[in-house]
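As a plain string of letters, each chain reads:
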Amino acid sequence: MINGLVKTPKVYTMDDLMRLPSVSRIHFIECGANSAMEWGNVAVPTVQYTHGMLSCSEYTGVLLSTLLEDCGIDLKRAKYLLAEGADGSSMTRTIDIERALDDAMVAYGMNGEMIRPEQGYPLRLVVPGVQGVSWVKWLRRLEVGDKPYATKDETSGYADLMPDGTMRQYTSIQEAKSVITSPSGGQVLLEKGYYNVTGLAWSGRGKVKRVDVSFDGGITWQTARLETPILSKALTRFNIGWVWNGEPALLQSRVIDETGYVQPTYGQLRAVRGTRSVYHNNAIQTWKVAENGEVSNVQIA
Ligand SMILES: Nc1nc2c(c(=O)[nH]1)N[C@H]1C(S)=C(S)[C@@H](COP(=O)(O)O)O[C@H]1N2
Ligand SMILES: [Mo]
């Protein structure tokens, strides 16, 4: 159902939706709370825990611009969109109208099959580049309005506690981030010699432009190879060769996106955000390789 500031409020059946012009797009989804445990110091051991609330899939559905136009959206007054889920908590989120009309969509397909129950069957909102909580699953209603809705899921949750004690709201874009997935925490290098160091990079603002990798904790950097295709607001794999000489090493990756934004160090991020936040931690991850080959999660100032 679409209501609010539209000429004709409309109820759509799935059949109606599937007859409208469709698009298929590959995008990442990252929970705003990915890496949340690590604000104060090292808390969890492996990349699954530090960066695991992330995936990348092909979504098929109808662009919101198509749907809102179909209902006669009042573009003069419309500023925000409310998306509501049909689950027990009726998850609700505000999306600003520029974003809704840009590349957001309602998706019924995922990786070539109907979207699965866990992912929101029969319909989910896809908001490329924006934190996962806005990708409302089991979508049942969209309302067009002129003010942010300040729902529970954007006041008590998903707001950023700043060092001065204020809460920053509606910081929804997932800024550029990257992580080395191999070698990473919990793995062991069994021998000296050649390793293919690999990982993932992404940006909520567009394409990944470059990924640099350091083996000495950020003192020197080398540019990694990016695997194609490099898509906007999608995971991009990087690879770089490394010969481990058996000495302790500090592995890091740093992404630069097409807007020129550079992934921050923990020092830089904490200078602005403090150490008591939960959401939107995109700091550079460090993995320490010890002399015995054990890889662990560390933070360097
Ligand atoms: N209806 C509804 N949609 C929801 C949620 C929810 O609890 N209810 N959780 C959100 C959160 S916080 C995230 S991170 C993503 C997770 O999407 P996934 O299960 O496809 O990984 O769904 C979002 N959509
Ligand atoms: Mo989330």
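Residues numbered from 1 in each chain as written. Chains lettered and ligands numbered in written order. Predicted model: local features only at pLDDT ≥ 70, side-chain atom pairs only at ≥ 80, totals over all residues. Heavy atoms only, no water.

Looking at the environment of Leu226
In plain terms, the rule: The secondary structure listing takes helices from DSSP runs of H or I that are at least 4 residues long and strands from runs of E that are at least 2 residues long, numbered from the N terminus. Whether two residues touch is decided by their heavy atoms; if any such pair falls within 4.5 Å, the residues are in contact.
Tracing the sequence through the fold places Leu226 in strand 16 (residues 225-226). When the C-alpha atoms of Leu226 and Val295 are compared, they prove to be 24 Å apart, with 69 residues separating the residues in sequence. When sequence neighbours within four positions are dropped, the list of residues in contact with Leu226 reads Val208, Lys209, Arg210, Val211, Thr236, Arg237 and Phe238.

Comments concerning the environment of Gly32
What counts is decided by this rule: A simple rule labels every residue: compare its accessible area, found with a 1.4 Å probe on the protein chains alone, to the largest value its type can have, and call it buried under 20%, exposed over 50%, or partly exposed in between.
Among the secondary structure elements, Gly32 is positioned in the loop between strand 2 (23-30) and helix 2 (47-51). We classify Gly32 as buried; its relative accessible area is 1%. Dropping the residues within four chain positions of it, Gly32 is found in contact with Gln131, Gly132, Tyr158, Gln174, Tyr279 and His280.

Here we look at the nonpolar core
Operational definition: In these notes, a set of buried Ala, Val, Leu, Ile, Met, Phe, Trp, Tyr and Cys residues joined through side-chain atoms within 4.5 Å is what counts as a nonpolar core.
If you look at the biggest cluster of nonpolar residues, it comprises 46 residues, and the most contacted ones within it are Leu64, Leu67, Leu125 and Val144. Residue assignment for this core shows that the elements contributing at least two residues are strand 2, strand 3 (54-63), helix 3 (64-70), strand 4 (80-85), helix 4 (97-102), strand 6 (105-110), strand 8 (124-126) and strand 9 (139-145). No other element matches strand 6, which puts five residues into this core. With residues near it in sequence (within four places) discarded, Val144 still touches Asn3, Gly4, Leu5, Val6, Leu68, Ile73, Ala78, Tyr80, Leu81, Ile97 and Tyr149. The next biggest cluster of nonpolar side chains, apart from the first, holds 28 residues, and it includes Val47, Val197, Trp202 and Ile240.

Some thoughts on the pattern of salt bridges
Operational definition: Any Lys or Arg side-chain nitrogen found within 4 Å of a carboxyl oxygen on Asp or Glu counts as a salt bridge.
Taken as a whole and judged by the stated rule, the model has 16 salt bridges. Taking the shortest distance from any N to any O, the salt bridge between Asp74 and Arg77 comes out at 3.2 Å. For Asp74, a relative accessible area of 23% corresponds to the partly exposed category. Residue classification places Arg77 among the partly exposed residues on the basis of a relative accessible area of 47%. Here Asp153 and Lys152 are joined by a salt bridge, their closest N and O atoms 3.0 Å apart. Taking relative accessible area as the criterion, Asp153 reaches 14% and is therefore assigned buried. Residue class for Lys152 comes out partly exposed when judged on its relative accessible area of 44%. One continuous salt-bridge network, built from bridges that share partners, spans Glu84, Arg140, Arg141 and Glu143.

Structural notes on unusual backbone geometry
Pro122 follows Tyr121 through a cis peptide bond whose omega is 10°. On the secondary structure map, Pro122 appears in the loop between strand 7 (113-114) and strand 8. The residue after Thr228, namely Pro229, is reached through a cis peptide bond having omega -5°. Secondary-structure assignment places Pro229 in the loop between strand 16 and strand 17 (236-244). A positive phi angle, near 70°, is found at Ser35, a position not held by glycine. By the element assignment, Ser35 lies in the loop between strand 2 and helix 2. Judged by its relative accessible area of 6%, Ser35 is buried.

Quick word on the domain arrangement of the protein
Using the following cut-off: For the domains described, the bounds stem from an automatic or database domain assignment. Summed over both partners, the accessible area lost on bringing two parts together, with a 1.4 Å probe, is the buried area. Polar contact criterion, stated in full: a pair of N or O atoms within 3.5 Å, where within protein one must be able to donate a hydrogen and the other to accept it, and residues adjacent in sequence count only if both atoms are side-chain atoms. Each residue is assigned to one class: nonpolar for Ala, Val, Leu, Ile, Met, Phe, Trp, Tyr, Cys and Pro, charged for Asp, Glu, Lys and Arg, and polar for all the others, Gly among them.
Domain assignment breaks the protein into domain 1 (2-168) and domain 2 (177-298). Residue-level contacts link 37 residues of domain 1 with 33 residues of domain 2. Buried area between domain 1 and domain 2, summed over both chains or domains, comes out near 2,900 Å², and the portion from carbon and sulfur atoms is 57%. Considering only the surface of domain 1 that becomes buried against domain 2, Phe28, Trp39 and His51 emerge as the three largest contributors, covering 27% of it. Here domain 1 is connected to domain 2 by three salt bridges. Of the charged contacts in the structure, one is a salt bridge between Asp103 and Lys233, with a shortest N-O distance of 2.9 Å. Remark: the boundary between domain 1 and domain 2 carries 21 residue pairs in polar contact (both at pLDDT 80 or more). Those elements that provide at least two residues to the side of domain 1 that touches domain 2 are strand 2, helix 2, strand 3, helix 4 and strand 10 (160-161). In terms of residue count, strand 2 provides more of the side of domain 1 that touches domain 2 than any other element does, four residues in total. Looking at side-chain class alone, the side of domain 1 that touches domain 2 contains 17 nonpolar, 13 polar and seven charged residues.

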